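Spelled out, the chains give:
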Amino acid sequence: TWHLKKIPQIVRERTFSLDSPKFEAKPKLELNTVCGIECQRRLPVPSLSDLKNLLSYETVFENGTRTLTEVNVLGAVLDPAANITTQRPSRKKRQIYGTDSRFSIYDKRFMTNFPFNTAVKISTGCSGILVSPKHVLTAAHCLHNGKDYVKGSKRLRVGLMKTKSRGNGRKRKGTSDGLPSFQWTRVKSTHIPKGWFKGVSGDIALDYDYAVLELKRPHKRKYMELGISPTIKMMPGSMIHFSGFDNDRSGQLVYRFCSISDESNDLFYQYCDAEPGSTGSGIYLRLKEPNKKKWKRKIIAVYSGHQWVDINGEQQDYNVAVRITPLKYAQICFWIHGNDGNCTQG
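The structure reproduced in this document is the subject of the present report.

Each value, and the rule that gives it
- Residues numbered from 1 in each chain as written.
- Predicted model: local features only at pLDDT ≥ 70, side-chain atom pairs only at ≥ 80, totals over all residues.
- Heavy atoms only, no water.
- Helix = DSSP H or I, 4+ residues; strand = E, 2+ residues; numbered from the N terminus.
- Buried < 20%, exposed > 50% of the residue type's maximum accessible area, 1.4 Å probe, protein only.
- Contact = heavy atoms within 4.5 Å.
- Areas by Shrake-Rupley, 256 points an atom, 1.4 Å probe, with all protein chains shown as cover.
- Polar contact = N/O pair within 3.5 Å; in protein donor to acceptor, adjacent residues only side chain to side chain.
- Pairing = 2+ DSSP bridges.
- Disulfide = S-S within 2.5 Å.
- Salt bridge = Lys/Arg side-chain N within 4 Å of Asp/Glu carboxyl O.
- Phe/Tyr/Trp six-rings, centres within 6.5 Å; stacked < 30°, edge-to-face > 60°.

## Here we look at the overall build of the protein
Point 1. Along the protein, the regular secondary structure elements total five helices and 17 strands.
Point 2. A buried classification covers 55% of the 346 residues belonging to the protein.
Point 3. Long-range contacts, defined here as pairs at least 24 residues apart, represent 74% of the contacts in the protein between residues at least 6 apart.
Point 4. Per element, the accessible surface of the protein, about 15900 Å² overall, is 49% carbon and sulfur.

This is how it looks when you write it as C-alpha cells:
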C-alpha cells in the first residue's frame with residue numbers, strides 16, 4: 001500500500017543571476033568517479049545547512065541565461081541511520097545480467113497508452129518521464145557533467161512518442177510499422193540541484209542525479225505521479241519497473257522489470273538489464289491506494305544508469321537509481337508547482 005508521509009517544505013529564499021554557461025561539456029553515459037556503496041557507508045548525515053546548500057538549485061532558460069535559487073528546508077527529519085547498505089560480493093562488468101530480460105514494446109495499443117506513453121526521449125540521448133502536463137523528470141548527468149552543461153542542452157528538446165502511420169494506405173519509405181516516432185517539444189527551463197555540482201559535493205554524488213525540464217507547451221497525455229520511495233521490504237517482491245530508449249535497440253521503446261538487490265538512503269542498486277539511452281527513465285511501482293481497492297503506479301526513483309562504484313576498495317559495477325526521498329519529493333514537487341502548498345503530503 002502507498003503510505004502517506006508528511007513532506008518537508010522547500011522554501012525559496014532568494015534568486016540571483018549567474019553568468020551564462022558555456023554548454024561545452026561532452027555528454028557522458030557512464031560515470032566512473034562516483035560515491036558508491038562503500039563510500040556511502042562513510043558519509044556523515046547531512047546537517048540542515050548542508051541540505052540547504054545541496055537542495056539549492058540552478059535554473060537554465062532556453063535563451064541560455066541562468067539563475068541560482070537558494071532555499072530553506074523546513075520540517076526535515078535527519079535520519080541518523082542513513083546510508084546503511086548490506087555487504088555484497090563483487091562482480092565483473094556487464095550491463096545485461098545473464099539472459100536479456102528486456103521487452104521491446106511494438107504493439108501500438110500498449111505504446112500509446114499508460115504507463116508506456118509517459119516515457120520520453122531527451123535530445124541529448126537519454127530518456128525521461130512525464131510528471132505533469134508541462135514537466136519531465138530525468139537524470140542530471142544527461143544535461144550537466146558536474147562542471148558544465150553538456151553540448152546540445154542549450155537547445156534542449158523532449159520527444160513524446162507517436163506511432164508512425166502508413167498514410168494513404170501505403171507504407172512510407174524509411175518507416176516501419178509499430179516503431180515510435182517523436183513529436184519534439186522545446187524545453188523552456190531546466191532545474192538541477194546544487195548537490196550534483198562538483199564544487200558543492202566534492203566528487204560526483206549520485207544522490208542528486210536528477211533534474212526537471214519544463215516544456216514550452218503543455219501536452220495532453222496522461223502523466224505519472226510522484227511517490228515516496230519505500231524500502232525494499234515494503235515492495236511486492238522487491239520489484240521495480242521502467243521503460244526507456246536503449247541505444248542498442250534503436251527506435252524501440254524498451255520495458256523491463258527486476259528486483260532491487262541493495263539500497264542506501266538515497267540510492268537503489270539493482271541488476272535491471274539496461275543499456276545507455278535508458279538513463280533518466282522513471283522507475284515506478286504499482287501499489288494499492290490507502291483505503292481503496294484501486295492500484296496506482298507512481299514514480300519512486302530515477303534510473304541513473306550503469307555506474308562504476310567502490311566496493312571493498314575495488315571498482316565494481318551496478319545499475320543504480322536515485323530514490324525519491326521525502327526531501328527530493330518536496331523539491332521536485334516545488335519545481336512543478338512553483339510553491340510548496342501542493343506538496344505537503346506524498
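Text resumes after the structure shown.
## What to know about the environment of His135
Point 1. Relative to the helices and strands, His135 is located in strand β7 (residues 135-138).
Point 2. For His135 and Arg217, which are 82 residues apart along the polypeptide, the C-alpha to C-alpha distance reads 9.8 Å.
Point 3. If we ignore the near neighbours within four places in the chain, the residues touching His135 are Ile129, Leu130, Val212, Leu213, Glu214, Trp335 and Ile336.
Point 4. Polar contacts involving the side chain of His135 include one to the side chain of Ser132, which spans 2.7 Å.

## Observations concerning the pairing of strand β10 (residues 211-215)
Point 1. Counting buried positions along β10 yields five of five residues, so the element is predominantly enclosed.
Point 2. Side-chain alternation along β10 places Ala211, Leu213 and Leu215 on one buried face and Val212 and Glu214 on a second face that is also buried.
Point 3. Here four bridges tie β7 to β10, and the two strands are oriented antiparallel to one another. The partner of Thr138 across the bridge, within β10, is Ala211.

## Things to note about the environment of Ile332
Point 1. Within the secondary structure layout, Ile332 lies in helix α5 (residues 326-337).
Point 2. By relative accessible area, which is 1% here, Ile332 ends up buried.

## Looking at the state of the cysteines
Point 1. Applying the stated criterion across every chain, the model contains one disulfide.
Point 2. Here Cys126 is linked by a disulfide to Cys142, with a sulfur-sulfur distance of 2.2 Å. On the sign convention where negative means left-handed, the S-S torsion of about -95° between Cys126 and Cys142 marks this disulfide as left-handed. With Cys126 in the loop between β5 (119-122) and β6 (127-130) and Cys142 in the loop between β7 and β8 (157-163), this pair connects stretches of sequence that are 16 residues apart.

## Here's the deal with the pattern of salt bridges
Point 1. The full count for this structure, using the stated rule, is eight salt bridges.
Point 2. A salt bridge links Glu70 to Arg14; the nearest nitrogen and oxygen atoms lie 2.9 Å apart. Of the two residues, Glu70 is situated in strand β3 (residues 66-74) and Arg14 in strand β1 (residues 9-18); the sequence distance between them amounts to 56 residues.
Point 3. According to the relative accessible area criterion, Glu70 is partly exposed, its value standing at 25%.

## A few points about the packing of aromatic side chains
Describing an aromatic ring pair means giving the distance of the ring centres and the angle of the ring planes.
Point 1. This model, assessed by the stated rule, comprises six aromatic pairs.
Point 2. Between Phe23 and Tyr149, the ring centres sit 5.8 Å apart and the planes meet at 45°, which makes this aromatic pair tilted. On the criterion of sequence distance, the pair formed by Phe23 in the loop between β1 and α1 (37-42) and Tyr149 in the loop between β7 and β8 is long-range, its members being 126 residues apart. Like Phe23, the residue Tyr149 is buried in the burial classification.
Point 3. Centroid distance Phe182 to Phe245: 5.1 Å. Interplanar angle 75°. Geometry classified as edge-to-face. Linking Phe182 in strand β9 (residues 180-193) with Phe245 in the loop between β12 (239-244) and β13 (253-263), this pair joins segments that are 63 residues apart in sequence.

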